[in-house]
Amino acid sequence: MKRLLLVPTLLAALISMSGPTLAVEAKHDHAVAPATSSTTNPTIAATGTVKSVDVAKGKLVIDHDPIPALNWPRMVMDFQLADKVMAGQVKAGDSVKFEMKKGQKGAYLITSIQPAHAH
Ligand SMILES: [Cu+2]
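Before going into details, it helps to say that this report is about the structure given with it. Here the structure is a predicted model, which means the values were calculated and not measured. (Residues numbered from 1 in each chain as written. Predicted model: local features only at pLDDT ≥ 70, side-chain atom pairs only at ≥ 80, totals over all residues. Heavy atoms only, no water.)

A closer look at the nonpolar core
Turning to step 1, where the next piece is worked out: Residues Leu60, Ile62, Phe79, Phe98, Met100, Ile110 and Ile113 are the most contacted members of the largest nonpolar core, which totals 18 residues.
Turning to step 2, where the next piece is worked out: When residues of this core are traced back to their parent elements, those giving at least two are strand 1 (44-54), strand 2 (59-64), strand 3 (75-81), strand 4 (95-102) and strand 5 (108-115).
Turning to step 3, where the next piece is worked out: Every residue in contact with phenylalanine 98, bar those within four places of it in the chain, is listed here: Ile44, Ala45, Ala46, Thr47, Gly48, Ile62, His64, Phe79, Ile110, Ser112 and Ile113. (Core = buried A, V, L, I, M, F, W, Y, C linked by side-chain atoms within 4.5 Å. Buried < 20%, exposed > 50% of the residue type's maximum accessible area, 1.4 Å probe, protein only. Helix = DSSP H or I, 4+ residues; strand = E, 2+ residues; numbered from the N terminus. Contact = heavy atoms within 4.5 Å.)

Focus on the pairing of strand 1
Turning to step 1, where the next piece is worked out: Looking at chain direction, strand 1 and strand 4 are connected through 6 bridges and run antiparallel. Within strand 4, the position partnered with alanine 45 by the bridge is glutamate 99.
Turning to step 2, where the next piece is worked out: Inspection of the sheet shows strand 1 paired to strand 2 by 6 bridges, in the antiparallel sense. Bridged to valine 53 within strand 2 is leucine 60. (Pairing = 2+ DSSP bridges.)

Describing the pattern of salt bridges
Turning to step 1, where the next piece is worked out: Scanning the model with the defined rule gives 2 salt bridges in all.
Turning to step 2, where the next piece is worked out: Its salt-bridge partner being lysine 91, residue aspartate 94 comes within 3.2 Å of it at the nearest N-O pair. (Salt bridge = Lys/Arg side-chain N within 4 Å of Asp/Glu carboxyl O.)

Observations regarding the packing of aromatic side chains
Turning to step 1, where the next piece is worked out: As enumerated under the stated definition, the model contains 2 aromatic pairs in all.
Turning to step 2, where the next piece is worked out: With a centroid separation of 5.3 Å and 85° between ring planes, the pair formed by tryptophan 72 and tyrosine 108 is classed as edge-to-face. Of this pair, tryptophan 72 sits in the loop between strand 2 and strand 3 while tyrosine 108 sits in strand 5; the two residues are 36 residues apart in sequence, bridging distant segments of the chain. Both residues of the pair, tryptophan 72 and tyrosine 108, count as buried. (Phe/Tyr/Trp six-rings, centres within 6.5 Å; stacked < 30°, edge-to-face > 60°.)

What to know about the environment of methionine 77
Turning to step 1, where the next piece is worked out: The residue methionine 77 is located in strand 3 in this model.
Turning to step 2, where the next piece is worked out: Along the primary structure methionine 77 and valine 61 are separated by 16 residues, whereas in three dimensions their C-alpha atoms are 5.4 Å apart.
Turning to step 3, where the next piece is worked out: Excluding its chain neighbours within four sequence positions, the residues that come into contact with methionine 77 are Leu60, Val61, Ile62, His64 and Trp72.

A word on unusual backbone geometry
Turning to step 1, where the next piece is worked out: Even without being glycine, asparagine 71 reaches a positive phi, approximately 65°.
Turning to step 2, where the next piece is worked out: Note on asparagine 71: relative accessible area 69%, which makes it exposed.

What to know about the side chain of aspartate 63
Turning to step 1, where the next piece is worked out: Within the secondary structure, aspartate 63 is located in strand 2.
Turning to step 2, where the next piece is worked out: Within the local environment of aspartate 63, its side chain forms a polar contact with the side chain of arginine 74, the two groups lying 2.7 Å apart.
Turning to step 3, where the next piece is worked out: What aspartate 63 contacts, discounting residues up to four positions off in sequence, is Gly48, Thr49, Lys51, Arg74, Met75 and Val76. (Polar contact = N/O pair within 3.5 Å; in protein donor to acceptor, adjacent residues only side chain to side chain.)

And the structure:
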């Protein structure tokens, strides 16, 4: 009789012990999320027309097409190149394909650019 009573007591003890373990488990799963935060800063592909190139500053002014991924309408804006060297790859008037990624200051940096040869 006493032995049988021990079993539910042990089970209760085990369950109460697994409680905190599960909580830690859940917290750990949540902590994994920042590791996938690169998906919150994806590379965005876009197209547009180069309006001007500032080789010295590594800046382009681009009349870019709508970018649905960012909910951006078509507009003319400045872009900083991730690497100034890319300024030599395009010139004013070029239709271009480019990729950009949000930089540390929150502005988008162009990470690659090439003429689009649209026609
Ligand atoms: Cu824009």
